[in-house]
Number of protein chains: 2
Amino acid sequence: MEKKVTIYDLAKRLGVSPATVSRSLNDHPSISLKTKSKVMLAAEETGYRINKFASNLSLQKSNTIGVIVPKLNSDFMSTVLSGIEKIANDAGYNLIISQSLESEEKEKFNTKTLFESGVDALLVSLANETKTYDHFNTFTNRKIPLLFFDRVINIPDCPTIIIDNLRAGYDATKHLLDQGCRNIMHITHGLNRSAYYQRYVGYKKALDEVKLFEIENLLVLDQFNSREIDSVIAKITASPEPIDGLFVTNDTFAVYCIKALLKAGYRIPDDIKIIGFNNDPVSEVINPELSTIEYPGYRMGVLAGQSILSHLNGSINIESADQILLKHQLIIRQSSRKTTN
Amino acid sequence: MEKKVTIYDLAKRLGVSPATVSRSLNDHPSISLKTKSKVMLAAEETGYRINKFASNLSLQKSNTIGVIVPKLNSDFMSTVLSGIEKIANDAGYNLIISQSLESEEKEKFNTKTLFESGVDALLVSLANETKTYDHFNTFTNRKIPLLFFDRVINIPDCPTIIIDNLRAGYDATKHLLDQGCRNIMHITHGLNRSAYYQRYVGYKKALDEVKLFEIENLLVLDQFNSREIDSVIAKITASPEPIDGLFVTNDTFAVYCIKALLKAGYRIPDDIKIIGFNNDPVSEVINPELSTIEYPGYRMGVLAGQSILSHLNGSINIESADQILLKHQLIIRQSSRKTTN
């Protein structure tokens with residue numbers, strides 16, 4: 001039996017990328033007529049058989065995937081986006097991205113804009129403010145694939161990709177307890193979103209286990225903004241029982257805390273132990289280096305991209321993949337290590 | 001004479017934002033019918049006169065502005081984007097963003113995608129790889145406003161917004177010379193783009209002025225990637241004449257250099273003085289804090305947004321604003337200060 005010719009064979013023969021071959025066969029606008037002709041000719045010569053189903057589908061496609069994120073100014077989000085981008089580009093799709101800036105009104109506007117621009121699918125990480133979800137009906141009513149990642153909501157037929165935030169919050173808090181902390185402040189924001197709420201539940205769970213539930217010490221910030229740092233330090237220094245641990249659900253803000261606490265004369269980790277969240281590059285720039293929870297952003301992006309593309313290619317039904325739960329990892333560095341006296 | 005009623009008066013009267021009033025008057029899709037009716041009623045009652053020209057124009061508008069950036073994973077770029085976003089949102093426009101990942105092919109694809117999605121204007125910061133510019137003809141041929149920022153090219157009728165990169169490169173190098181450096185390595189990338197090339201010219205100019213042109217020491221990296229740091233340190237340690245200054249055109253990479261040099265036993269600033277570029281937040285996280293060039297990203301975004309919107313509103317002709325040159329600023333911190341012995 002003759003070996004079936006693949007797009008990889010054609011790519012090798014022509015000295016172009018598999019993506020170029022795929023796009024040419026799908027009559028994609030980014031490929032020149034000259035290249036398309038060469039690919040078509042080679043396909044004919046080698047007996048390559050075009051996948052008619054995918055090919056027909058592509059006629060109605062914009063080959064564009066829309067993404068709505070809360071904010072672009074985080075390493076975590078740009079890492080997720082590069083994962084999505086990698087998968088999308090390899091398949092000949094382009095991403096267009098918009099940011100909700102944590103506003104429900106703007107998220108609605110973004111949803112409309114991306115719908116009107118004709119995206120083939122939409123990937124969303126929700127704004128903190130968002131409390132209603134009707135704006136996504138434009139997509140669900142028309143069966144345009146819709147997927148939520150990181151900050152999610154359960155809508156029928158829309159898959160979600162998250163980490164186990166409760167477990168991650170538990171692991172971070174348990175680690176501080178294991179290092180001897182007994183008065184741990186939890187600094188977070190956006191409890192309206194399950195991602196943050198679940199981390200808070202994990203924090204409480206770890207305290208409850210060691211019968212420390214009465215010392216719950218929750219500080220919810222409007223944003224994780226450097227302008228909020230003074231009030232945080234004021235609250236720490238004013239505490240009647242000295243705070244000996246901080247669990248901050250954002251590495252960048254945890255780094256601001258370290259800088260401000262050092263300036264205020266605290267020793268880290270001797271006086272206060274600190275753990276962040278995300279494993280952003282900045283966590284290894286600060287001295288002492290910051291313990292954190294590794295959040296697999298790139299893998300989340302890759303999986304989000306693959307889920308949506310599998311659906312667009314008709315190879316799996318997206319509804320069957322209800323929820324993907326990614327593993328996080330506790331990363332222990334100097335900022336939270338028990339000091340040996 | 002009666003005071004003219006403005007959208008701010010209407011906003012105050014109705015207890016909504018000026019943006020909501022503006023969008024309602026322009027029949028924007030993101031505003032509910034109920035709100036639109038309330039605004040229209042208030043406009044009638046107060047005698048507010050709608051700007052007919054802007055209002056008519058809006059009938060053919062998507063109220064969307066497209067932005068193409070090289071990469072989203074930098075503080076600088078997210079700062080520029082938040083400046084553009086601020087201005088666009090206030091005027092009832094939405095942004096859709098795509099990244100070229102420094103690839104010319106992808107930039108072409110992005111341009112096509114954003115054109116097909118019907119954006120009213122396009123703002124571009126060019127990919128390092130891009131050497132031809134015909135893909136922008138789709139926009140220029142149809143007189144759709146096109147503006148370049150940061151990484152620019154001169155195309156007739158397309159304004160540009162940049163800083164004086166030559167002067168900035170000169171200032172950074174001159175500062176190191178003033179601190180006593182005599183063997184300064186310039187670490188950069190993308191000399192194909194004028195932004196980087198001009199900084200390099202500034203570096204050379206400063207050396208030439210003190211007759212040190214023979215010590216030009218240029219290191220062009222493929223990317224500013226943490227994987228490249230080992231080869232950089234190897235090059236520094238192998239130098240027959242000790243390197244005593246580094247001018248790195250990216251703060252994040254400069255921070256990697258500081259960490260790696262400290263680890264290799266160098267004292268900073270005693271043995272090597274370092275200056276970065278951009279004034280990213282990470283420059284104040286590292287110890288010693290990093291000297292740098294303040295790049296006014298937010299202001300660049302605001303000006304880019306204002307230029308494009310003025311044109312879309314018909315209030316100025318974009319062609320008249322050929323080039324906007326923003327002021328940079330030298331920021332001196334511990335990493336480059338002359339040590340007093």
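To keep things clear, this report deals only with the structure shown in the data block. (Residues numbered from 1 in each chain as written. Chains lettered and ligands numbered in written order. Predicted model: local features only at pLDDT ≥ 70, side-chain atom pairs only at ≥ 80, totals over all residues. Heavy atoms only, no water.)

A word on the sheet that holds strand β7 (residues 218-221) of chain B
Residues and elements named next belong to chain B. Just so we agree on the cut-off: For two strands to pair, DSSP has to find at least two bridges joining them. Under the scheme used here, helices are H or I runs from DSSP no shorter than 4 residues and strands are E runs no shorter than 2 residues, and both carry numbers assigned from the N terminus. Under this scheme, a helix contributes an axis fitted over its contacting stretch, all axes are lines through C-alpha atoms, and angles between N-to-C directions fall in the 0 to 180 degree range.
One open sheet accounts for four strands, arranged β7-β6-β8-β9; its pairing is parallel. Either end of the sheet is taken by a strand with one partner, and the two such strands are β7 and β9 (273-275). On average, adjacent strands in this sheet sit at an angle of 15° to one another, irrespective of strand direction. With four bridges joining them, strand β6 (residues 184-189) and β7 adopt parallel strand pairing. Directly across from Thr188, in β7, lies its bridge partner Val220.

What about the packing of helix α8 (residues 165-178) of chain B against helix α9 (residues 194-209) of chain B?
Residue and element names in this part refer to chain B. Our working definition: In this scheme, roughly parallel covers angles under 35 degrees and roughly antiparallel covers those over 145, while 65 to 115 is roughly perpendicular and the rest are oblique. Crossing handedness follows the turn of the near helix against the far one: under a right angle anticlockwise gives a left-handed crossing, and clockwise gives a right-handed one. For this analysis, residues touch if any pair of their heavy atoms sits within 4.5 Å.
Taken N-terminus to C-terminus, the directions of α8 and α9 make an angle of 40°; their axes are 6 Å apart at the nearest point. In terms of orientation, α8 and α9 fall into the oblique class. Considering how the two elements wind past one another, α8 and α9 form a crossing that is right-handed. Between α8, through Asn165, Leu166, Gly169, Tyr170, Thr173, Lys174 and Leu177, and α9, the contact on the second element is made entirely by Ala195, Gln198, Arg199, Val201, Gly202, Tyr203, Lys205, Ala206, Leu207 and Glu209.

A word on the sheet that holds strand β8 (residues 245-248) of chain A
All names here are of chain A. Spatially, the four strands line up as an open sheet ordered β7-β6-β8-β9, and their pairing is parallel. Where the open sheet ends on each side, the last strands, each with one partner, are β7 (217-221) and β9 (273-275). Taken pair by pair, the neighbouring strands of this sheet meet at an average axis angle of 20°, ignoring direction. Pairing between β8 and β9: three bridges, direction parallel. The partner of Leu246 across the bridge, within β9, is Ile274. Seen against the sheet, helix α10 (residues 229-238) touches β6 (184-189), β7 and β8 and runs at an angle of roughly 165° to β7. Across the sheet, helix α11 (residues 251-263) is in contact with β6, β7, β8 and β9; its angle to β8 comes to roughly 150°.

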